[in-house]
Amino acid sequence: MKRCLYCDAVRQDKVSWAAFFGLEKEVMLCERCQAKLEELAAPLCEQCGRSLKELDENFHDGSMCSDCMRWEQDAQWRGVLTKNRSLYQYNSYLKEIMAQFKYRGDYALGEVFCESLLAIYRRELRGTFLVPIPLSKERHYERGFNQAEVLAAMIGEPVGALERQLHEEKQSKKTREERLHRKENPFIVAKRFKEKVAGVDITIVDDIYTTGATVRYAAKALLDSGAKSVSSITIARG
Ligand SMILES: [Zn+2]
Ligand SMILES: [Zn+2]
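Notes on the structure in this doc start here. Just so you know, these numbers come straight off a predicted model, no measurement behind them.

1. Examining the coordination of the zinc ion (ligand 1)
- Bound to the zinc ion (ligand 1) on the protein side are Cys4 (SG), Cys7 (SG), Cys30 (SG) and Cys33 (SG), at distances that span 2.3 to 2.4 Å.
- In this structure, the zinc ion (ligand 1) is surrounded by 4 donor atoms whose angles at the metal cover 104 to 115 degrees, and the resulting shape is tetrahedral.
- Motif for the zinc ion (ligand 1), donor spacing along one chain: C-x2-C-x22-C-x2-C. Residue cysteine 7 is found in the segment before helix 1 (17–20), and its partner cysteine 33 is found in helix 2 (residues 31–36); the two are separated by 26 residues along the sequence.
- Judged by its relative accessible area of 37%, cysteine 7 is partly exposed.

2. A few points about the coordination of the zinc ion (ligand 2)
- Those donors, Cys45 (SG), Cys48 (SG), Cys65 (SG) and Cys68 (SG), are the protein atoms that reach the zinc ion (ligand 2), and they lie 2.3 Å from it.
- Coordination at the zinc ion (ligand 2) comes from 4 donor atoms whose angles at the metal span 105 to 118 degrees, giving a geometry best classed as tetrahedral.
- In the primary structure, the donors to the zinc ion (ligand 2) are separated according to the pattern C-x2-C-x16-C-x2-C. Within this pair, whereas cysteine 48 is found in the loop between helix 2 and helix 3 (66–73), its partner cysteine 65 is found in the loop between helix 2 and helix 3, the two being separated by 17 residues in sequence. One exposure class covers both cysteine 48 and cysteine 65, and it is buried.

Criteria and cut-off values
- Residues numbered from 1 in each chain as written.
- Chains lettered and ligands numbered in written order.
- Predicted model: local features only at pLDDT ≥ 70, side-chain atom pairs only at ≥ 80, totals over all residues.
- Heavy atoms only, no water.
- Donors = N, O, S within 2.8 Å, 3.2 Å for Na, K, Ca; no water.
- Tetrahedral: all angles 85-135°; square planar, octahedral: opposite > 155°, others 65-115°.
- Helix = DSSP H or I, 4+ residues; strand = E, 2+ residues; numbered from the N terminus.
- Buried < 20%, exposed > 50% of the residue type's maximum accessible area, 1.4 Å probe, protein only.

Spelled out as structure tokens, the structure:
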């Protein structure tokens, strides 16, 4: 008897020959839970992967959403993120699932998304290096694990190339002017990974894409270290 990884209800697995031979992907949630996940319906914004289907015409041009257009109009950010692809709309149900995964350290829930993440990765981002968004040391200590790293490890071999900047230290070296006007990139590429990321295509892994600022800062750090291109993959599109 198999149980839903989220609500623990007994799953009614359909018995089929495909399933018997392992050809059909195993669904980890019960039907009721699965139905509450909202897939991102085509057409998608070619850059951030958000669904344009029900988005007001004033907020997209048919292929790109207005948020991404704004990023692209800014010379500092143009071309920094090749594309983001996410699995589901960040609705209240997904929020609950992800909170459970994040704070209770529930690895099993990551398995819920494993197959679908892998499918998107293979279809659109195959062969790219997987780089998880790092947590700060304190957060990592509190939680005991980094969910982005867990997800990346489910798709392939994560390369922990990014580190969080130590803020206080950096800030104190700056003039007042610099501190006020230049937003410091929170990410840097760890010294020992600089050669590894140079010249390669990279996919950043995170749990959620909201404003897109986090993945773009991370992408910028990687491009500054010579990465060829940077895309991202997340469970949720906020
Ligand atoms: Zn369920
Ligand atoms: Zn977009």
